[in-house]
Amino acid sequence: PAGENVSTLVSLFAAITSVLGFLIVFRTHTAYSRYWEGITLLRTARGEWFNAYSSLLSFCTTTPEMFDQVETFQHRLARFMSILN
């Protein structure tokens, strides 16, 4: 009778340990997947910001009369875009 109790406790401990191990692995995998999804979305957003910045710079006028205004705009735009990174 005493041996049966020990055997039952060992079996119960093994079952609980197996379930707990499965839950830890499942949660870790889910967290890892969410992390990489977030990193991927951030990289996509950064690429979009770079494309927007490049487009805004490429459409600036090159007339000499507006050089100072264009340069001021480009510097401000660079500062604002750097905040996003």
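All figures in this text were calculated on a predicted structure; none of them were measured in a lab. (Residues numbered from 1 in each chain as written. Predicted model: local features only at pLDDT ≥ 70, side-chain atom pairs only at ≥ 80, totals over all residues. Heavy atoms only, no water.)

Caption draft 1: Region of the structure containing helix α2 (residues 67-84). With 18 residues, α2 should reach 26 Å at 1.5 Å per residue; the first-to-last C-alpha distance of 26 Å fits that figure. For α2, the full list of buried residues reads V70, L77 and M81. The arc that holds every buried residue of α2, seen down its axis, measures 30°, which confines them to one face. More than 90 degrees from the buried face of α2, the exposed residues found are D68, R79 and I83. (Helix = DSSP H or I, 4+ residues; strand = E, 2+ residues; numbered from the N terminus. Expected span 1.5 Å × (residues − 1). Buried < 20%, exposed > 50% of the residue type's maximum accessible area, 1.4 Å probe, protein only. Arc of directions from axis to C-beta.)

Caption draft 2: Spatial organisation of the environment of S33. Along the polypeptide, S33 turns up in helix α1 (residues 2-58). Relative accessible area serves as the criterion here: at 35%, S33 is assigned to the partly exposed category. Linking S33 and C60, residues 27 residues apart in sequence, is a C-alpha distance of 41 Å.

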